[in-house]
Amino acid sequence: MKKITLIGTGYVGLVTGACLAEMGHRVTCLDIDTEKVDSLKAGKLPFFEPGLEELVIRNTEAQRLFFTDKYSEAIPGCEVCFLALPTPSGEDGSCDISYILMAAAQLAESMDNEIVVVNKSTVPVGTGEKVRTAIKQGLTTRGVEIPFEIVSNPEFLREGSAVTDCMKPDRILLGVDSQKGEAVMKDLYTPFAIDNDPILIMDIASSELAKYASNAMLATRISFMNSLARLCEEVGANIKNVRTAMGTDPRIGPSYLSPGIGFGGSCLPKDVKALVATAEEVGLSLPILDSAIQINQTQQILFFEKILDHFGDLSGKTLAIWGLAFKPDTDDLREAPSLYLIERLLKKGATLKLYDPVAMPKAKVLLNQYEQVHFCQDEYEAAAGANAIILATEWHQFQFADFAQIGVSMKEKILFDGRNQHQKSEMEKLGFDYFCIGIQSKAAPYAHS
Ligand code: NAD
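Residues numbered from 1 in each chain as written. Predicted model: local features only at pLDDT ≥ 70, side-chain atom pairs only at ≥ 80, totals over all residues. Heavy atoms only, no water.

**Some remarks on the overall build of the chain**
Quick reminder of the rule: We count a stretch as a helix when DSSP gives it H or I for four or more residues in a row; a strand needs E for two or more, and each element gets its number in order from the N terminus. Only protein chains enter the accessibility calculation, which uses a 1.4 Å probe; a residue is then buried when its area is under 20% of its type maximum, exposed when over 50%, and partly exposed in between. Note on contacts: a residue pair qualifies if any of its non-hydrogen atoms lie within 4.5 Å across the two residues. To measure how exposed things are, a 1.4 Å probe is used in the Shrake-Rupley method; for residues, cover is taken only from the protein chains shown. In this charge count, Lys and Arg are treated as positive and Asp and Glu as negative; neither His nor the chain ends contribute. Charge positions come from single atoms, namely NZ of Lys, CZ of Arg, CG of Asp or CD of Glu.
Per the secondary structure count, the chain includes 18 helices and 14 strands. The principal-axis extent of the C-alpha atoms belonging to the chain is close to 80 × 45 × 40 Å. Residue burial in the chain is summarised as follows: out of 449 residues, 52% are buried. The long-range share in the chain, meaning contacts at least 24 apart out of those at least 6 apart in sequence, stands at 73%. In the form shown here, the chain has an accessible surface area of approximately 20,100 Å², with 53% of it arising from carbon and sulfur atoms. Each charge class in the chain can be summarised by its mean position, and for the 43 positive and 59 negative side chains these summaries are 2 Å apart.

**Considering the pairing of strand β5 (residues 115-119)**
Definition in use: Two strands are said to pair when DSSP picks up at least two bridges between them. Call a crossover right-handed when, viewed with both strands pointing away from you, the route from the first strand across the helix to the second goes clockwise.
Burial analysis of β5 places five of its five residues in the buried class, which makes it a mostly covered element. Pairing geometry for strand β4 (residues 80-83) and β5, over four bridges, is parallel. In the sheet register, L83 faces β5, and the bridge partner there is N119. Read from β4 through helix α5 (residues 98-110) to β5, the crossover connection turns out right-handed. With five bridges joining them, β5 and strand β6 (residues 148-152) adopt parallel strand pairing. Residue pairing for β6: I115 is matched across the bridge by F148. In this fold, the crossover linking β5 to β6 by way of helix α6 (residues 127-142) has right-handed handedness.

**A look at the site of the ligand**
What counts, and what does not: Summary of the distance rule: residues count as near a molecule or strand when at least one heavy atom falls within 4 Å of that molecule or strand. Contacts described as polar in this section are N or O atom pairs within 3.5 Å, which, within protein, must combine one atom able to donate a hydrogen with one able to accept it, while residues neighboring in sequence count only if both atoms come from side chains. Just so you know the grouping, Ala, Val, Leu, Ile, Met, Phe, Trp, Tyr, Cys and Pro go in nonpolar, Asp, Glu, Lys and Arg go in charged, and all remaining residues, Gly too, go in polar. Throughout, the edges of the domains are those of an automatic or database domain assignment.
Around the ligand, a shell composed of 27 residues is seen, among which D31, K36, Y71, T87 and K270 lie nearest. A distance of 2.6 Å separates an oxygen atom of the ligand from a polar atom in the side chain of D31. A distance of 3.1 Å separates an oxygen atom of the ligand from a polar side-chain atom of R334. A total of 830 Å² of accessible area belongs to the ligand in isolation, and the protein chains cover 91% of it. Those elements that place two or more of their residues in the shell around the ligand are α1 (11-22) and α5. Grouping the constituent residues of the shell around the ligand by class yields eleven nonpolar, eight polar and eight charged. Split by domain, the shell around the ligand shows at least three residues from each of two domains, domain 1 (3-202) and domain 2 (217-435).

**Description of the pairing of β6**
Of all the five residues making up β6, five are buried; the element is thus mostly covered by neighbouring parts of the structure. Along β6, one buried face is formed by F148, I150 and S152 and the opposite face, lined by E149 and V151, is buried too.

**Quick look at the packing of helix α12 (residues 287-311) against helix α13 (residues 337-347)**
Rule in force here: What counts as an axis is a line fitted to C-alpha atoms, over the stretch in contact for a helix, and the angles between N-to-C directions run from 0 to 180 degrees. The cut-offs work like this: below 35 degrees is roughly parallel, past 145 is roughly antiparallel, 65 to 115 is roughly perpendicular, and the gaps in between are oblique. In this scheme the crossing of two helices becomes right-handed for a clockwise turn of the near helix relative to the far one and left-handed for an anticlockwise turn of less than a right angle.
It is at 10 Å that the axes of α12 and α13 come closest, and there the two elements cross at 45 degrees. With respect to their mutual orientation, α12 and α13 come out oblique. Here the hand of the crossing between α12 and α13 comes out right-handed. In this structure, α12 uses Q300, I301, F303, F304 and I307 to contact α13, whose residues at the interface are P337, Y340, L341, R344 and L345. A per-class count over the contact of α12 with α13 returns eight nonpolar, one polar and one charged.

**Quick look at helix α14 (residues 360-367)**
It helps to recall that an α-helix has 3.6 residues per turn; residues three or four apart then point in one direction. Quick note on the threshold: When we speak of the arc, we mean the arc of directions from the helix axis to the C-beta atoms.
Those residues of α14 lying buried are M360, A363 and L367. Here the buried residues of α14 occupy an arc of 55 degrees about the axis, which is enough to place them on one side. Turned more than 90 degrees away from the buried face of α14 sit P361 and V365, all of them exposed.

**As for the domain arrangement of the chain**
Where interface size is quoted, it is often the accessible area lost as the parts come together. The criterion, for reference: In this description, buried area is defined as the sum, over both parts, of the accessible area (probe of 1.4 Å) that is lost when the two are combined. When a carboxyl oxygen of Asp or Glu is within 4 Å of a side-chain nitrogen of Lys or Arg, the pair counts as a salt bridge.
Each assigned domain of the chain is listed with its residue range as follows: domain 1 (3-202) and domain 2 (217-435). Contact residues are listed per partner, giving 16 residues for domain 1 and 16 residues for domain 2. Carbon and sulfur atoms make up 51% of the surface buried where domain 1 meets domain 2, a total of about 1,200 Å² over both sides. Interface area lost by domain 1 to domain 2 is led by Y11, F48 and E159, which between them contribute 42%. Taken together, the connections running from domain 1 to domain 2 amount to one salt bridge. In this structure, R334 engages E159 in a salt bridge whose closest nitrogen and oxygen atoms are separated by 3.5 Å. If you look at where domain 1 meets domain 2, you find seven residue pairs in polar contact (both at pLDDT 80 or more). Across the side of domain 1 that touches domain 2, the residue classes break down as eight nonpolar, six polar and two charged.

**A short note on a negative patch on the surface**
Rule in force here: Only residues whose relative accessible area exceeds 30% and that take part in no salt bridge are eligible for patches, with like-charged residues grouped when within 9 Å of each other and nonpolar side chains (Val, Leu, Ile, Met, Phe, Trp, Tyr) grouped when within 5 Å.
Taken together, the side chains of E91, D92, E280, E281 and D290 present a region of like negative charge at the surface. Take E281: it is sitting in helix α11 (residues 268-281).

**Observations concerning the pattern of salt bridges**
Under the defined criterion, the tally for this structure stands at 20 salt bridges. Linking K120 and E155 is a salt bridge whose minimum nitrogen-to-oxygen distance equals 2.8 Å. Placement of K120 in the loop between β5 and α6 and of E155 in the loop between β6 and α7 (162-167) is noted, with a sequence separation of 35 residues between them. Residues joined by salt bridges that share partners form a network here, namely E129, R132 and D177.

As structure tokens, this is what we get:
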């Protein structure tokens, strides 16, 4: 059993903390957001994540998981301290590591024994060294010498399946530069690596870069498919068929080949920009990533234009938006493509009826001030009386919506499927005008006549 502290109790910190507590460790989750800490102490989670609530409640009751907003409570006696802090984009797109460095300085103020400092945030190459310097400076200011190790341990969990990803990771990446750091981390992670052996050990710089490289690859795959989808629409091919053919090639695989209205969330957009900025700092360019970003931005614009082109004028039109979260199984709205759409549709005078299975409370906080926005109880209420449905997040329940019933309640039977969740032929059989991504909705030059 180790005494562990998580600095930062967001998606990564809370999930990691709860999973480490589940493995029998004594874990303290520290956050400067007092409201968040108070609600966690009361058993209320700050966000939706399948399976997390049970884990948090069980481990809190078992006195293995604690919450605090005070460094002086969380740090003394701690043996392993994870940094799970925000690393947002700076104005120029580079990664802002100020939260990390501030936390490192605060950590140094309360440290009283040897500690392994583990960076779980996504950070540019060289951040490990900057954290080391910040802690050393803090200790020097106090006039004390306490040994500590720095480890890079980028996080690969996915919101929506974060608990499973953490309990059964496909890989655990450790960037180390000391035997002590390596040994402590291997010991900590071995129970998570029983089924296979996913622990990868490397130098700190490679570990830091590998996380960005992975996210940049995923973003590039999505943007590649989105640009192919545009071509499909022009030439009369079907992107779903193209994807199937590509994805069955074992050298390619099927993941992250789905076109849509662009990637969002708290990671891909900012991480791609940060990697570009890292390259620029050393005089290199990564044009493939510039394109991935640019394609992603235009993908959202193109979808909006599809809607606008269809109606010509949106004032007086009522549109149902199905799904607000940036992807299913989360209530995370950070950089969600739905928000971009909502903003543009409102500017054009549309009235919007919104529904998301779990993100409604967060959506209300963001969008409550708009008179033209109505919040609905379910997808049926959202669609009733609407001129069209815009499907922005492919929640499982939308797959099985009763479109025959829904169609009767709508003003016009139109579906703009931003995630290709439905079948054009099925929707057309039900009398819907169906628009999606990468499947032609007009005569194409190579169509068989
Ligand atoms: P988050 O915004 O959900 O949580 C960060 C928390 O840190 C917040 O609760 C904030 O109040 C707290 N905080 C800020 N400054 C602090 C300080 N000085 N001391 C203590 N707490 C402080 O962020 P997240 O989504 O958990 O992401 C954290 C890091 O992990 C980021 O670098 C992100 O890129 C990376 N990451 C996130 C995911 C994901 O799916 N969310 C996946 C992999 C990696």
